[in-house]
Amino acid sequence: MVAPLSAMPKPGFDVTACVERVRRQDEEAARALFRHLYPLVARLVRSHLPRRTSPEDLVQIVFMKVFANLDRFSGAVPLEHWVSRIAINTCLNQLAAEKARPELRWADLSEEQTDALEAVTAGPDVLDPSQNLAAREIVEKLLAQLAPADRLLLTLLHLEGRTVEEVRQITGWNVPVIKVRAFRARRKLRKEFEKLMAARAR
Amino acid sequence: MNSKDEELQRLLSAAAKTKVEAAVEPPLVLETRVLAQWRAGRADDDSASLVAFFRHALVGASLVLVLSAVWSLSQPTGGTAGDEAALLNYEIQRGLNP
């Protein structure tokens, strides 16, 4: 499971003082802030990465937005939450720009992935732990068929194991919206899964 | 929960057990790129403040110009004496060249 957002700040690192120094154009503070936030941003970007963008480019875009808007950071929410929202929105915008979502076909799956799917359908406890990676790849392919917001929500809830409250903090959406969207997104994912399994039967 | 839901749930549970690897240390190249852009943004800020300073200076100078013009027009000039001299000059010219 992923560490909760509240656990992100490292002990001994004074975020508020660092932000203040960055606002006063202190380059060492900018470097320290970048190093402090990098693991969080890198993980979010890798989890919600658009297909045609390199993770490093996206991380760079996120940090440019963070630094450009640092004066607007009021401190009402923890810096990590504020940065998470910027990272998530940047990924969503990038995903939205990549409109084409090629249909997933059974033939697109590797042998390991088809084996994992066979194991999943064979019954509970058939899937070997060594097949988890293949399962992850299949889920990512299925998620790629969904709209960016649906993909984000299912990744946060089902793959990262975040709570609805954590999703609210990361995305800024309210709880009823998250619940309704999650329900609909899960239904769409199931439809894609059924389509894939029907293709296997043919 | 029907069988397809159960299968999907099993797939999601297995997928969730695989962590997304993300480096803790940022690559040096990326750090350099980000800080270079941060410095460039800072330089843009400086030039923007310089432009703002010149804009304010221009507005101030224009204001001073307008006020000076208003002040000079509203001041009584030595116009009467000047006019009399001009009339005398005119009279003399007419007297010399009838």
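Please read all numbers here as calculations on a predicted model, not as lab measurements.

**Focus: the overall build of chain A**
The helix and strand inventory of chain A stands at nine helices and zero strands. Each helix and strand of chain A, placed in order from N terminus to C terminus, yields the pattern α-α-α-α-α-α-α-α-α. Counting every position in chain A, which comprises 202 residues, the buried fraction comes to 35%. For chain A, the share of sequence-separated contacts (at least 6 apart) that also reach a separation of at least 24 residues comes to 65%.

**Some points on the overall build of chain B**
If you tally the helices and strands in chain B, you get three helices and zero strands. Across chain B, helices and strands are ordered from the amino to the carboxyl terminus as α-α-α. Classification of the 98 residues of chain B by burial places 11% in the buried group.

**Section: the interface of chain A and chain B**
In this complex, chain A contributes 37 residues to the contact, which on the side of chain B involves 26 residues. Contributions of two or more residues to the side of chain A that touches chain B are made by helix H2 (27–47), helix H3 (55–68), helix H5 (111–122), helix H6 (132–143), helix H7 (148–159) and helix H9 (175–201) of chain A. Ranked by residue count, the leading element in the side of chain A that touches chain B is H2 of chain A, at eleven residues. For the side of chain A that touches chain B, the per-class residue count stands at 20 nonpolar, eight polar and nine charged.

**Considerations on the environment of Trp38 of chain B**
Secondary-structure assignment places Trp38 of chain B in helix H2 (residues 28–74). Accessibility expressed as a C-beta count within 10 Å gives 22 for Trp38 of chain B, which makes it buried. Apart from the residues lying within four places of it in its own chain, the contact partners of Trp38 of chain B are Ala30 and Phe67 of chain A.

**Looking at the confidence of the model for chain B**
Residues of chain B with pLDDT of at least 70 account for 81%, and the chain-wide mean is 81. Across the predicted assembly, pTM comes out at 0.64 and ipTM at 0.72.

**Describing the nonpolar core**
Residue and element names in this part refer to chain A. Core analysis: the biggest nonpolar cluster contains 58 residues, and Val41 and Val62 have the highest contact counts within it. Looking at which element gives the most residues to this core, the answer is H2, with ten residues. For this core, the domains that each give at least three residues are domain 1 (1–100) and domain 2 (103–202).

**Concerning the packing of helix H4 (residues 79–97) of chain A against H7 of chain A**
Packed helices, taken two at a time, are described by their axes: the angle between them and the distance between them. All names here are of chain A. The N-to-C vectors of H4 and H7 enclose an angle of 135°; their axes lie 9 Å apart at closest approach. Our classification of the angle between H4 and H7 gives oblique. The element H4 and its partner H7 pack so that their crossing is right-handed. For the pair H4 and H7, the contacting residues are Ile88, Leu92, Leu95 and Ala96 in the first and Pro148, Ala149, Arg151 and Leu152 in the second. A class-by-class count of the residues in the contact of H4 with H7 yields seven nonpolar, no polar and one charged.

**Digging into the confidence of the model for chain A**
Fine structural detail should not be taken from predicted coordinates in areas where pLDDT scores are low. Of all residues in chain A, 90% attain a pLDDT of 70 or more, and the chain-wide mean is 84. Counting interchain partners and residues more than four positions distant, the pLDDT-below-50 stretch residues 1–9 of chain A has 16 contacts.

**Let's talk about the environment of Ala96 of chain A**
Residue and element names in this part refer to chain A. Following the sequence through the fold, Ala96 ends up in helix H4. For Ala96, a count of 12 C-beta atoms within 10 Å corresponds to the exposed category. Expressed as a C-alpha distance, the spacing of Ala96 and Ala149, which sit 53 residues apart in the sequence, is 9.0 Å.

**Topic: H3 of chain A**
Over its 14 residues, H3 of chain A extends 20 Å from the first C-alpha to the last, a length consistent with the 20 Å expected when each residue adds 1.5 Å. Every buried residue of H3 of chain A is listed here: Leu58, Val59, Ile61, Val62, Phe63, Val66 and Phe67 of chain A.

**Description of H2 of chain A**
Residue and element names in this part refer to chain A. Taking 1.5 Å per residue, 21 residues should reach 30 Å; H2 reaches 29 Å between its end C-alpha atoms and fits that length. Along H2, the sharpest kink reaches roughly 45°, centred on Tyr38 and followed within four residues by the proline Pro39. Listed as buried for H2 are Ala30, Leu33, Phe34, Leu37, Tyr38, Leu40, Val41, Ala42, Arg43, Leu44, Val45 and Ser47.

Basis of the calculations
- Residues numbered from 1 in each chain as written.
- Chains lettered and ligands numbered in written order.
- Predicted model: local features only at pLDDT ≥ 70, side-chain atom pairs only at ≥ 80, totals over all residues.
- Helix = DSSP H or I, 4+ residues; strand = E, 2+ residues; numbered from the N terminus.
- Buried ≥ 20, exposed ≤ 12 C-beta atoms within 10 Å, placed from the backbone.
- Contact = placed C-beta atoms within 7 Å.
- Nonpolar A, V, L, I, M, F, W, Y, C, P; charged D, E, K, R; others polar.
- pLDDT = per-residue confidence, 0-100.
- Core = buried A, V, L, I, M, F, W, Y, C linked by C-beta atoms within 7 Å.
- Domains from an automatic or database assignment.
- Axes fitted to C-alpha atoms, helices over the stretch in contact; angles between N-to-C directions.
- Parallel < 35°, antiparallel > 145°, perpendicular 65-115°, else oblique.
- Left-handed = near helix turned anticlockwise from the far one by under 90°.
- Expected span 1.5 Å × (residues − 1).
- Bend = angle between axes of the 7 residues up to and from the residue.

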